[in-house]
Amino acid sequence: MTFEHIYSAQNTGGTPVPPSPQLPSPMRILAIDLGDQRTGLARADRITNIASPAGLVEVPIDHDQGNRLLDALKVHIVPEPMDAEIIIGMPLNMDDTIGPRAKLVKAFAQRLSDLVGRPIILVDERRTSVAADARMSQTGLTHKQKKMRRDAIAAAAIAEAYLTDPDSIIETLNPAG
C-alpha cells in the first residue's frame with residue numbers, strides 16, 4: 001500500500017481511497033522576460049501555483065546578433081526536465097496589435113526554440129512590468145536595486161499570468177525541422 005493509500009485509509013476510517021488523479025503535466029515552468037540589457041527568469045509550478053523570481057541574465061539582446069543571449073538562456077533551459085514548459089513574455093500593444101518589439105521577441109523565441117529543440121510558449125506580458133514596479137514600490141530598495149530585480153519579478157508575473165489565465169497564451173512556437 002502506498003503512503004497515499006495509508007494516509008487516506010487512516011483518515012477515512014480504514015477504507016483505502018484510490019490515489020488522486022495525476023496533476024496536469026508538465027508541472028514545471030521556466031518564464032523568461034526579455035529585456036534590452038538584462039533578461040529576467042522565474043520558475044513556477046502547477047502544484048503550488050506559485051511563481052518566483054529566479055535570477056537575471058545580464059547579456060544585452062543585441063550583443064552578437066542575440067547569439068550570446070541565446071547561449072546564456074540555453075544554459076538555464078537544458079537542465080530543466082524535458083516536460084517543463086518554457087514561456088516568454090510577448091509585448092503586444094494595448095490594442096492587441098503586434099509592434100516592432102513583439103516581432104523581435106517572436107523571432108528571438110523561434111531561434112531559442114530551434115536551439116534547444118523545445119517548444120516555446122509566447123504569453124501576453126502587458127502590464128507585467130507595472131505589476132513588478134508595484135510589488136517593489138514599498139520595499140525601501142534604492143532605484144538601482146529595484147532596477148536589478150525588476151526583470152526577474154516581471155518574469156514571475158508572466159508565469160503567474162500563464163498559470164491563472166489561459167487566455168494569456170498567444171502562440172506556441174515549435175522547433176524547426
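Our subject in this report is the structure included herewith. (Residues numbered from 1 in each chain as written. Predicted model: local features only at pLDDT ≥ 70, side-chain atom pairs only at ≥ 80, totals over all residues. Heavy atoms only, no water.)

Summing up its helical and strand segments, the chain has five helices and six strands in all. N-terminal to C-terminal, the α/β element order of the chain is α-β-β-β-α-β-α-β-α-α-β. When burial is assessed residue by residue, the chain has 38% of its 177 residues classed as buried. For the chain, the proportion of contacts with a sequence separation of at least 24, taken over those separated by at least 6, is 65%. When the accessible area of the chain is evaluated, it comes to approximately 10,000 Å², of which 55% is carbon and sulfur surface. (Helix = DSSP H or I, 4+ residues; strand = E, 2+ residues; numbered from the N terminus. Buried < 20%, exposed > 50% of the residue type's maximum accessible area, 1.4 Å probe, protein only. Contact = heavy atoms within 4.5 Å. Areas by Shrake-Rupley, 256 points an atom, 1.4 Å probe, with all protein chains shown as cover.)

Right, let's get into the nonpolar core. If you look at soluble globular proteins, the nonpolar side chains tend to sit buried side by side. Core analysis: the biggest nonpolar cluster contains 25 residues, and Ile 32, Leu 34, Leu 69, Leu 73, Ile 88 and Leu 112 have the highest contact counts within it. When contributions to this core are tallied by element, the ones reaching two or more residues are strand 1 (28-33), helix 2 (67-77), strand 4 (85-90), helix 3 (100-116) and strand 5 (120-124). For this core, the element with the most residues is helix 3, which contributes six residues. The residues contacting Leu 34, other than those within four sequence positions of it, are Thr 39, Ile 61, Leu 69, Leu 73, Ile 88, Arg 101, Val 105 and Phe 108. Ala 42, Ile 87, Ala 155 and Ala 156 belong to the second largest nonpolar core, which has 14 residues in total. (Core = buried A, V, L, I, M, F, W, Y, C linked by side-chain atoms within 4.5 Å.)

Let us look at the pairing of strand 1. Counting buried residues along strand 1, five of its six residues qualify, which places the element largely inside the surrounding structure. Sheet analysis places strand 1 next to strand 2 (residues 39-45), joined by six bridges and oriented antiparallel. Across the sheet, Ile 29 pairs through a bridge with Ala 44, a residue of strand 2. The antiparallel pairing of strand 1 with strand 2 creates a hairpin that spans five residues between the two strands. (Pairing = 2+ DSSP bridges.)

Of note, Ile 170 is situated in strand 6 (residues 169-173). The class of Ile 170 is partly exposed, set by a relative accessible area of 32%. Separated by 49 residues in the primary sequence, Ile 170 and Ile 121 place their C-alpha atoms 7.6 Å from one another. For Ile 170, the residues in contact, after removing those within four places along its chain, are Met 90, Leu 92, Leu 122, Val 123 and Asp 124.

This brings us to helix 2. Where helix 2 is concerned, the buried positions are Leu 69, Leu 70, Ala 72, Leu 73 and Ile 77. Along the axis of helix 2, the buried positions cluster into a sector of 165°, meaning they face one direction only. Tucked inside the fold, the buried residues of helix 2 contact strand 1, strand 2, strand 3 (50-57), strand 4 and helix 3. (Arc of directions from axis to C-beta.)

A few words now on the pattern of salt bridges. Going through the model one piece at a time under the given rule, you end up with seven salt bridges. The shortest N-O distance in the salt bridge between Glu 80 and Arg 28 comes to 3.2 Å. Residue Glu 80 is found in the loop between helix 2 and strand 4, and its partner Arg 28 is found in strand 1; the two are separated by 52 residues along the sequence. For Glu 80, a relative accessible area of 4% translates into the label buried. For Glu 171, the salt bridge identified is with Lys 106, shortest N-O distance 3.0 Å. Of this pair, Glu 171 sits in strand 6 while Lys 106 sits in helix 3, placing them 65 residues apart in sequence. Overall, Lys 106 belongs to the partly exposed group, its relative accessible area being 30%. (Salt bridge = Lys/Arg side-chain N within 4 Å of Asp/Glu carboxyl O.)

Quick look at the environment of Asp 167 now. Residue position: Asp 167 is located in the loop between helix 5 (143-164) and strand 6. Judged by its relative accessible area of 72%, Asp 167 is exposed.

What follows covers the sheet that holds strand 5. The pairing of strands in a sheet happens through backbone hydrogen bonds and is either parallel or antiparallel. Pairing is mixed in the open sheet, where six strands are placed in the order 3-2-1-4-5-6. With one partner strand each, in any of the chains shown, strand 3 and strand 6 form the two edges of the open sheet. The mean inter-strand angle of the sheet, taken between neighbouring strand axes irrespective of direction, is 25°. Strand direction decides the pairing type here: strand 4 and strand 5, joined by four bridges, are parallel. Residue pairing in the sheet places Ile 88 in a bridge with Leu 122 of strand 5. Contacts between helix 2 and the sheet are confined to strand 1, strand 2, strand 3 and strand 4, with strand 2 contributing the most and set at about 20° to the helix. (Axes fitted to C-alpha atoms, helices over the stretch in contact; angles between N-to-C directions.)

Bear in mind that shape data such as this cannot, by itself, settle questions of function.
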